Amino acid sequence: MQTIGIGIVGAGNIGSRHARFWAQVEGAGVVAVADTHPGASENLAVLYGDARAYQTVAELLANPNVTVVHVCVPTHLHREIAVAAANAGKHVLCEKPMALTLSDCDAIIAATAQAGVCFSVGHVTRFFPEYALAKARLDAGAVGTPTIARTRRAGAFPRTAWFADTAQSGGVVADLTVHDLDFLQWCFGKIIRVYAKIAASPGFEYALLTLRHESGVISHAEGVWGEPTGFHTAFEIAGTAGLFTHDSRAARALVASVRQPGDTPVALMNAPLAPSDDPYFRQVRAFADAVRGVAPVAVSPADARSAVAVALAAIESAYTGNAVEI
Amino acid sequence: MLKIGILGTAHGHADSYAEEVNAHPGAELIGVWDDNAERREASASKYGTAAFDTVDALCTATDAVIVCSENVYHRTLTETAARHGKPMLCEKPLATTPTDAHAMITDCEAAGVSLFTAFPCRFSPAFVALRDAAHRGDLGEILAVRGTNRGKCPFGWFVDTKLSGGGAVMDHTVHVADLLRVLLRSEVSTVFCEADNRMFSGDFDDTGIVNLTFESGVFATIDCSWSRPAQTFPTWGDVTLGVQGTRASVEMDMLAQGATLYNEGAARIQTLGYGSGIDGGMVAAFIHAMQTGEPGDLATGTDGLRTVEIVAAAYESVRTHQPVVVKRLSGMM
């Protein structure tokens, strides 16, 4: 099998995670890591045999063994790196959201299309089994015609400085709720109107979005940065013949509690999955399949751009106080 | 013994209110009236009380009345009770239009009788605890609230807009909107709403998300949809609030106190609620108000009007697809 050489750009939290799963994909391997922070690329590359460590993207792109560039840098830098990677003939998998402006999205889409390389965005929610199950059952008519849907996604306030800077991350809507916007459009089609409110205080950002799809479905998305009870997600889809619900807080296969208050918590995933079912693994394996020409990319460039468009419309709505048509 | 009559039993809540009156040591259910003779007799028999042929006859015989007719008849029944000088508790929504609600308040003021709106959720121990904590400042500054009052479609006259005045937005928005007014101690300035008929065909809305922005700047959404499956859902629905304060977040699931029953003979898994009833607290407060003149936590007519104004703005927003500034009529009571 042809070997797919992965170049990770951005050796932070998400870059390290993706590298770990790329290493498990048959016929693929991490061959290079680039990060501008001194030592960061070395620290990650050393975990993957003879992977090369660079401090510039240009060096990584010049490495002929790199066939896929996985863009794992702060969102406002996606365009620059994705376009350069495409121009260098590399396939591009980009962390979500694709970008923070539609012109950046368009530039990335144009560059990857012109280069004839595979391009997709890491809307990993589609690979989470509960969301994939919902989509499959929905398509099989499990709730009849969908009518109204709700999503909730709540987590800690980001510890990394660039996340907290709206100019770099887009804030809770563009960075977190965008997962649900992609899921909702995947299930119910294009969103045509958005009304949104966003509240912020130190260490907290909160958004409520009311959305109307072209199909007529009404949906509601809730996003929390600064959730004190820890990360969780929930959704429900109501239809003419049923209701599909999931709440990660009620679907925990493992719960560990230390006996002494204040003692170090037992590190356990509360939703453990077999390695081959892990959503991050399935995401990169799907991209490898696309690179090999076995399957189309799971998240089309147009879908990823559309999720950004809705997020930007929501932010505009929160800013102006009006509903925004897309 | 306070003599209470029920005007109209079309709304299912009449059953619960009747039961609570019957159970109260200080009051007596002396009769019911309904424009439907069959329903009138059935209700009287069910409640163990007398069926009255006319509104006037029942009003004459009572000290106070509870109005549980179809929504559109609230106004005329209120007018009649006021003419008889009888104070009343009126089922929600107080009326189907702000004009009607305002007229009811004016009539009662002119007659010197009190008018209360039936918002039993105010009497939920969970809500009372949340309200008190919020008012003590334990949550810090409240920034936003996510609310739901989802249920099964009630069908019947509820989906006949000539009698109900509207669908899910009319039926379910007002409970949570009232809780939010109490919690936030602020009035709603603008309303945005997406609503549609998507579940059950007809000229009524069955799915909706109502967005409220308060004068204080706090925002909230209310899912008022009749989105719970009729056959298989384990309860009738829910009342929830997710309150985001600068110091704490609070999740209230008002009816969460329940056990789960898997019974082989039943068509569905059932949640058997064991939480404290909320109707009893409200009926007791009404009886207490009649005896002492102290309204306690009861919602006034004006409280009812405020939520009817929100509903009217929501329906206007559904037409314009933009937020609508709430038009507020003056209300005293």
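Here is what the cut-offs are and how they apply
- Residues numbered from 1 in each chain as written.
- Chains lettered and ligands numbered in written order.
- Predicted model: local features only at pLDDT ≥ 70, side-chain atom pairs only at ≥ 80, totals over all residues.
- Helix = DSSP H or I, 4+ residues; strand = E, 2+ residues; numbered from the N terminus.
- Rg over C-alpha atoms; globule rule 2.2 N^0.38 Å.
- Buried ≥ 20, exposed ≤ 12 C-beta atoms within 10 Å, placed from the backbone.
- Pairing = 2+ DSSP bridges.
- Contact = placed C-beta atoms within 7 Å.
- Axes fitted to C-alpha atoms, helices over the stretch in contact; angles between N-to-C directions.
- Domains from an automatic or database assignment.
- Nonpolar A, V, L, I, M, F, W, Y, C, P; charged D, E, K, R; others polar.
- Right-handed = clockwise from strand over helix to strand, strands pointing away.

**What about the overall build of chain B?**
Each helix and strand in chain B was counted, giving ten helices and 15 strands. For 333 residues, the compact-globule formula gives about 20 Å, and the C-alpha radius of gyration of chain B, at 19 Å, lands near that figure. With respect to the principal axes defined by its C-alpha atoms, chain B has extents near 55 × 50 × 40 Å. Every one of the 333 residues in chain B was classed for burial, and the buried ones make up 53%.

**Brief notes about the sheet that holds strand 7 (residues 188–196) of chain B**
Residues and elements named next belong to chain B. As summarised here, the arrangement of the seven strands in space is 11-10-6-9-8-7-15, forming an open sheet in which the pairing is mixed. Edge positions in the sheet fall to strand 11 (249–253) and strand 15 (324–325), since each of these pairs with one other strand and no more. Of the strand pairs in this sheet, strand 6 (residues 142–148) and strand 10 (residues 240–245) are connected by six bridges, and their pairing is antiparallel. Paired with Arg 146 across the two strands is Gly 242, which belongs to strand 10. Relative to strand 11, helix 6 (residues 125–136) is tilted by about 160°, and along the sheet it contacts strand 6, strand 10 and strand 11. Where helix 8 (residues 168–184) meets the sheet, it contacts strand 6, strand 7, strand 8 (207–214), strand 9 (219–223) and strand 10, and its direction lies at approximately 25° from that of strand 8.

**Considerations on unusual backbone geometry**
The peptide bond linking Lys96(A) to Pro97(A) adopts the cis configuration, its omega dihedral lying at -15°. The residue Pro97(A) is located in the loop between strand 5 (91–95) and helix 5 (102–115) in this model. Here Lys92(B) and Pro93(B) are connected by a cis peptide whose omega angle stands at -15°. With respect to the helices, strands and loops of the structure, Pro93(B) is situated in the loop between strand 4 (88–91) and helix 5 (98–111). In this model, Arg185(B) sits at a positive phi of 50°, which is unusual for a non-glycine residue. Tracing the backbone shows Arg185(B) in the loop between helix 8 and strand 7. Judged by the 13 C-beta atoms lying within 10 Å of it, Arg185(B) is partly exposed. Phi is positive for His321(B), which is not a glycine, with a value near 60°. Locating His321(B) in the fold gives a position in the loop between helix 10 (301–320) and strand 15. Residue class for His321(B) comes out partly exposed when judged on the 16 C-beta atoms lying within 10 Å of it.

**Observations regarding the environment of Ala253(A)**
Within the fold, Ala253(A) resides in the loop between strand 12 (242–247) and helix 10 (279–291). Residues Ala253(A) and Ala271(A), spaced 18 residues apart in sequence, show a C-alpha to C-alpha distance of 5.5 Å.

**Observations concerning the domain arrangement of chain A**
Residue and element names in this part refer to chain A. Domain annotation for chain A reports domain 1 (4–124) and domain 2 (125–274 + 301–325). Taken over C-alpha atoms, the centre of domain 1 sits 25 Å from the centre of domain 2. Each partner contributes residues to the interface: domain 1 has 15 residues there, and domain 2 has 22 residues. Those elements that provide at least two residues to the side of domain 1 that touches domain 2 are helix 5 and strand 6 (119–122). For the side of domain 1 that touches domain 2, the element with the highest residue contribution is helix 5, accounting for three residues. When its residues are assigned to classes, the side of domain 1 that touches domain 2 shows eleven nonpolar, three polar and one charged.

**Here's the deal with the pairing of strand 5 of chain A**
All names here are of chain A. Of all five residues in strand 5, five are buried, a share of seventy percent or more. In strand 5, alternate side chains face the same way, and those of His 91, Leu 93 and Glu 95 on one face and Val 92 and Cys 94 on the other are all buried. Note that strand 4 (residues 68–71) and strand 5 share four bridges and pair parallel. By the bridge assignment, His 70 is partnered in strand 5 with Leu 93. After leaving strand 4, the chain enters helix 4 (residues 78–87) and then returns to the sheet as strand 5, a path that is right-handed. Sheet topology note: the strand 5/strand 6 ladder contains four bridges and is parallel. Paired with Val 92 across the strands is Phe 119, a residue of strand 6.

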